[in-house]
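Reading the structure
Here are the chains, one letter per residue:
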Amino acid sequence: MTQTILVLNGPNLNMLGIREPDIYGHTTLADIEAMCHAHAAKIGVAVDFRQTNSETQLVDWLHEATKAKTAGVIINPAGHSFGSIPVLDALKIYRWPIVELHISNIHTREPLYQHSIMSSAATAVMAGFGAHGYVLALDAIVEMLRQGDPKN
């Protein structure tokens, strides 16, 4: 049975390619989704790729992933990174590998964007690899599963 990795994208990521291309590039979220599906097929996993502008929806999806025992979660919480306690609490419930992902290097940005509260619940954090970070995150979760994730 193929393991599924849930890829969650938070608010405004549906506007990639248009929104601040000097920071996020010209790659669209649809481009990233296609890249993830193609790479997942190469490495033998399935991807369930989603985006929402709703904090509530992210929490619900994380609860679903916990109940379904999804193999791993990649989450780009976007603006929720800096203050969403409900998303953080939902991540804390999830027991399998979590990679928090940021397209830009949040540590080199304005102070408002430099500290993600989600990091405390993540198995690993990736920032600054652009759209390619999603592929790297897929590889990282597969490797964590191979080694036996420390959360299990």
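Here the structure is a predicted model, which means the values were calculated and not measured. (Residues numbered from 1 in each chain as written. Predicted model: local features only at pLDDT ≥ 70, side-chain atom pairs only at ≥ 80, totals over all residues. Heavy atoms only, no water.)

Helix and strand content of the protein chain: five helices and five strands. Secondary structure elements of the protein chain, listed N to C terminal, follow the sequence β-α-α-β-α-β-α-β-β-α. A compact globule built from 152 residues would reach a C-alpha radius of gyration of about 15 Å, and the protein chain, at 14 Å, matches this within 12%. Overall, the protein chain is about 40 × 30 × 25 Å in size when its C-alpha atoms are taken along their principal axes. Scored against the burial criterion, the 152 residues of the protein chain give a buried share of 45%. Intrachain contacts of the protein chain at a sequence separation of at least 6 include 77% that bridge at least 24 residues. As displayed, the protein chain offers around 7300 Å² of accessible surface, 54% of which is attributable to carbon and sulfur atoms. In the protein chain, 10 positive and 14 negative side-chain charges are present, and the distance between their average locations comes to 8 Å. (Helix = DSSP H or I, 4+ residues; strand = E, 2+ residues; numbered from the N terminus. Rg over C-alpha atoms; globule rule 2.2 N^0.38 Å. Buried < 20%, exposed > 50% of the residue type's maximum accessible area, 1.4 Å probe, protein only. Contact = heavy atoms within 4.5 Å. Areas by Shrake-Rupley, 256 points an atom, 1.4 Å probe, with all protein chains shown as cover. Lys, Arg positive; Asp, Glu negative; His and termini not counted. Charge placed at Lys NZ, Arg CZ, Asp CG, Glu CD.)

Counting buried residues in strand S4 (residues 98-102) gives five out of five residues, a clear majority hidden from the surface. In S4, alternate side chains face the same way, and those of Ile98, Glu100 and His102 on one face and Val99 and Leu101 on the other are all buried. Bridging between strand S3 (residues 72-76) and S4 involves three bridges; their strand directions are parallel. By the bridge assignment, Ile74 is partnered in S4 with Val99. Handedness of the crossover joining S3 and S4 through helix H4 (residues 85-93): right-handed. Here S4 runs beside strand S5 (residues 124-127); their pairing, made up of four bridges, is parallel. Its bridge partner being in S5, Glu100 is matched across the sheet by Val125. (Pairing = 2+ DSSP bridges. Right-handed = clockwise from strand over helix to strand, strands pointing away.)

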